[in-house]
Each structure stands twice: as C-alpha cells, then as structure tokens.
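For reference, the chains in residue letters:
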Amino acid sequence: MTLPHLAPYDPLDPAHHADPAARLAEARDRCPVSQPRPGVHFLARHDDVRDVLTDPETYSSVDNFALEGAATTAELPAATITQLDPPDHTALRARLRRWFAPAVIRKQEPRVREIVTDVLAAWQPGQKAELHHDLARQVPTRVVYTFLGLPEEDWERLHQWADAIDDILPKMPLDMPEFVALTRYLGEQFATRAATPATGEGVLDGLAHPADGKPPLTPFEAVIHSFQLIVAATDTTGSLITNLLYELLADRSHWERLLADRSLIPAAVEESLRHDAPLQYVLRTVKQEREISGCPVEPGDRLAVSLQSANWDERAWGPDAADYSLDRPAGQATTMAFGYGIHTCLGAPLARLQARVVLEQLLERFPELRLAPGYHREAPEGLLLTRRPARLDVVL
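A.B. asks: Sorry, what's going on with the sheet that holds strand 4 (residues 128-130) here?
C.D. replies: Adjacent strands of a sheet form backbone hydrogen bonds with each other and so pair up, either parallel or antiparallel. Across the sheet, 3 strands lie side by side as 4-10-9; this open sheet has antiparallel pairing. Only two strands of the sheet have a single partner each, and these edge strands are strand 4 and strand 9 (370-371). The pairing of strand 4 with strand 10 (residues 393-395) spans 3 bridges and is classified as antiparallel. Note on strand 10: the bridge partner recorded for Glu-130 is Asp-393.

A.B. asks: I keep staring at the nonpolar core and nothing clicks. Help me out?
C.D. replies: Soluble globular proteins tend to pack their nonpolar side chains together in the buried interior. Counting 86 residues, the largest nonpolar core has Leu-135, Leu-150 and Leu-359 as its most contacted members. Ranked by residues supplied to this core, first place goes to helix 11 (residues 219-250) with 14 residues. Leave out the neighbours within four places in its chain, and Leu-135 touches Val-119, Leu-120, Trp-123, Glu-130, Pro-140, Leu-245, Val-358 and Leu-362. One finds Val-33, Phe-65, Val-286 and Leu-384 within the second-largest nonpolar core, a separate group that totals 31 residues.

A.B. asks: Mind showing me how you'd approach the packing of aromatic side chains here?
C.D. replies: Ring pairs (aromatic) are described by centroid distance and by the angle formed between their planes. Per the counting criterion, the structure on display carries 6 aromatic pairs. Aromatic side chains Phe-100 and Phe-147 sit 5.3 Å apart centroid to centroid with 55 degrees between the ring planes, which places their arrangement in the tilted category. Separated by 47 residues along the polypeptide, Phe-100 in the loop between helix 4 (88-96) and helix 5 (102-120) and Phe-147 in helix 7 (residues 138-148) bring together distant segments of the chain. In terms of burial, Phe-100 and Phe-147 fall into one category: buried. A cation sits over an aromatic face here: Arg-274 above Trp-317, 5.3 Å from the ring centre. In this structure, Arg-377 packs its charged tip against the face of Tyr-246, placed 4.8 Å from the ring centre.

Rules behind the numbers
Residues numbered from 1 in each chain as written. Predicted model: local features only at pLDDT ≥ 70, side-chain atom pairs only at ≥ 80, totals over all residues. Heavy atoms only, no water. Pairing = 2+ DSSP bridges. Helix = DSSP H or I, 4+ residues; strand = E, 2+ residues; numbered from the N terminus. Core = buried A, V, L, I, M, F, W, Y, C linked by side-chain atoms within 4.5 Å. Buried < 20%, exposed > 50% of the residue type's maximum accessible area, 1.4 Å probe, protein only. Contact = heavy atoms within 4.5 Å. Phe/Tyr/Trp six-rings, centres within 6.5 Å; stacked < 30°, edge-to-face > 60°. Lys NZ or Arg CZ within 6 Å of the ring centre and 35° of its normal.

Below, the structure is given as structure tokens:
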C-alpha cells in the first residue's frame, strides 16, 4: 500500500481533479488501491470498482458522499436512496421505480421536447452562446421540476438554490441557507399534496398518495427523496449534456458524422458517459475484512470508488480508452457513469432521453455549431464531485 502523501490521486484535491487523466493512469498502473487520506482508500481499476459496487454485504453505502465536511446519514432527517443498504434500499427502490419505468419515461419525451424547444426559441444561427449555463443546466432543471409536479412560477428560485448546493457538493453543511430554503419549500409542497385528493400528476403527488396500497412516506422522507432527485438530476444531467457537446465540437469530425447519420446519436451519448463520467466517484464503507488487488482493507475504512478511472481503464476498454470514439464496440465493458449493481441510477433513462433530445434539436437547428474562437476548456473552480467544463462558449 502506498503512503498517503505518495498516492497518485486524491479525489478531494482540486489540483488532481482539474486534469485527472495522467494521475488516474498512474494510479491504475502503479497502485490501483492507494490511500490518499488516512482511512480512505482510492480504487482506480474497472474490475475492482465493479466488484465493490456489486457486493453491498461487504461494502456499505451508508454515508455515501459523506467525506470531510459532508453530512452523514445519521445527521439527515431521512436517508437518501444512495445512502441505504438492503433491505431498506430494496424496499425504497421498489417504491420509487414506478416513476422511472420505461413506459413512464417514454411518455416524458413530448414534454422534454417542449422544454428544449422553449430554451432554444430565441437563439439564432451565427450568434454566440454559452451552452452549459444557458442550455445544459436549464433543460434538466425544468424537466425535473415538471417530473416532481412543482409550479412553474417557482422554478427560478429553485434553480438558484439547487445551483448553490451543486457547486459545493459533497461538502454541504445542513445549515446552508439554500438547503434550508429548498427543503422547507419541498415540505410545504408535500403537505399541500397530502392535504388534497390525489391528482396522479407528479412524483410529489405519488409520494403523498401511493398507488400500491403502501402507507405514504413521512414528510421528512418525501422531502429528502425529492431533494435527492433535484440535486442529482440537475447537476449530473447538465454535466452529461455539456461534456457530450464539448467532445463533439472539440473534434468537429464527430459533429459532422452525426449530421450525416443521426443513428449515431445513441452511441455519441453512451461514449460521452464513458469518456466523461458526470459523477466522478462514490463512497463505500468496509464492513468485513477483505483484500482488494492485494491491498488489505479493514471494517470502517472508507473506499472512494472512481467511476471515471474505471471508465478509462485500458484493461477493460483497450489501448484507446483515453479517446472519445463513436466507433467503440457495444458491450466492450461496463460503463460505470451511472453506478453499477443495486445502486445503478434510477434516473439514467431520463438523463439519456434529455441528452438525445438536446442533441437532435441542435443538429437540426444549428448544423454549423462550433466552438467559439479562442475557446479553452477549463475545469470549474472547487468542483470535486462532477466532471465538466466550467463553461462552453460556441457560435451557433
């Protein structure tokens, strides 16, 4: 095992996160299980990541994302689905799955198209635009608020609160004003739904009036699960869209291929998820003594499980793993961008849908889309959990 100060990659070091490729490659090659901080092991290889994520009996999700300043599960009024182990996780996932069933997601497509059309309505060919804040962030926020059934007149302030929280994750204090305001608002919305007859519209209404005969969630539970959906859906999906468009425009031959062949759009989205995982890592806590790639881990140790490094592992993806390729064979390995195993993201199909619709409409409306002259990709300052450019300046 390497000493903490010799670990090639520290997920909480902004200098490491800003340009991670070389450091993660060194970690995979030289020390696939390192110790960047006392009691914290960093997992870099695809197979180790997959094995840990498929063994919840040995590696617990309790306190997932709680590392150096983030709230622990015990501090929250209710645990999010990402912080639960079976059987609690199994029961909650079964309850929430109804809103993410394939047939339900397909029904969302017309509304997603309306939202994207509305965002792009005032844009004209030839003008300059910044695609992350003005498009990639706008679409997922409007989609998730629609999905929850929240009034449109409240979307702007919800957007401001969610942005402030996303910008500091995972280090979110529970007395943060935006967290207090957002959870109070969600509590009020849930109470309104619970006090009125069921409408069958929106997740909040469904949480207040379960259709499966089960008792409704407590107000605390409903608020936390709605909060989790907002924060997860806005930042990761926004990052997916931004990363996707950057890769297609940084080497514009990719964009030209999509203009000629729209059937490549699903492959473009999947390769973006692999090449630029929006969520960089998840955390697990060791429950039983084990060895991972020859490194002993003890009960209570924390594991920072690198989704991004797993997606760049040459052992799984071949010698061109570092490249963005529209020709990557399907089924070559398992993409970890949405997690794996029992905690695979429920909202993954909705995120893919939004990325596809955004790309379809941009190709149709702005075929000459290109990066702005002089544009240089820079990482957002202090953003440690997600991967994306700070901004994406283009000419439409």
